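Analysis of the macromolecular model
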Amino acid sequence: MEENKTTYQCPFCGQMVIISVGAEDPREEAIAACTCFGAQRYIRIRRQKEQTRENLEVLIGEKSEDEMFADVVMLAQYAGDLVCEEEMDKATLQIEKETVTISRNQKGIVKVSRTSKRQQSLDG
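Below is a summary of the structure that appears in this document. (Residues numbered from 1 in each chain as written. Predicted model: local features only at pLDDT ≥ 70, side-chain atom pairs only at ≥ 80, totals over all residues. Heavy atoms only, no water.)

Quick look at the sheet that holds strand S3 (residues 90–95)
- Strand order in the open sheet made by the 3 strands is S3-S4-S5, with antiparallel pairing throughout. In the strand order of this sheet, the two ends are held by S3 and strand S5 (110–116), each with one partner. When strand polarity is set aside, the average angle formed by the axes of neighbouring strands in this sheet is 10°.
- Here 7 bridges tie strand S4 (residues 98–104) to S5, and the two strands are oriented antiparallel to one another. Counted as the bridge partner of Thr99 is Thr115 from S5. (Pairing = 2+ DSSP bridges. Helix = DSSP H or I, 4+ residues; strand = E, 2+ residues; numbered from the N terminus. Axes fitted to C-alpha atoms, helices over the stretch in contact; angles between N-to-C directions.)

Looking at helix H1 (residues 26–33)
- For H1, the set of buried residues is Glu28, Ala30 and Ile31. For H1, the arc enclosing every buried residue in end-on projection is 160°, short of the 170-degree limit, so these residues lie on one face.
- On its buried side, H1 packs onto strand S1 (5–9), strand S2 (16–20) and helix H2 (37–59). (Buried < 20%, exposed > 50% of the residue type's maximum accessible area, 1.4 Å probe, protein only. Arc of directions from axis to C-beta. Contact = heavy atoms within 4.5 Å.)

Written out as C-alpha cells, the structure reads:
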C-alpha cells in the first residue's frame, strides 16, 4: 500500500477499503470506494438529494424569478429528501395558487414541478 493511503471500514458491509490519508471525511470516502449495494444506494440517494435541492432552488428558491417563502422552500426540501430516500412516492405542496410537486418515476428519477393556477375573470 502507498504511503499516503490507509484503510477504512465501509459502514454498510464492513469491508475494508483503501482511502487517502487525511481525507476530509474518511467515512464518505470509504463509502465512495466500496462496491457493496448499501454504499452504492447511499451514493445514488445523496446525488439525487443534491440534484433535487438544486432543482427546488431554481424553481422556488433563491435562484427563482418568483421566490417562495423560505419556510416553504425548507418544507419542499424536506419532502424532496423523503422522496429521494423512497419514504414517499410523491409530495404535493399547495401554496395559495401555486402547486409544487416532487415525485419519483418508475426509473427512480425524481422530478420537481411548479404549477401556477392563475385565473382571470371580468364582470360587467
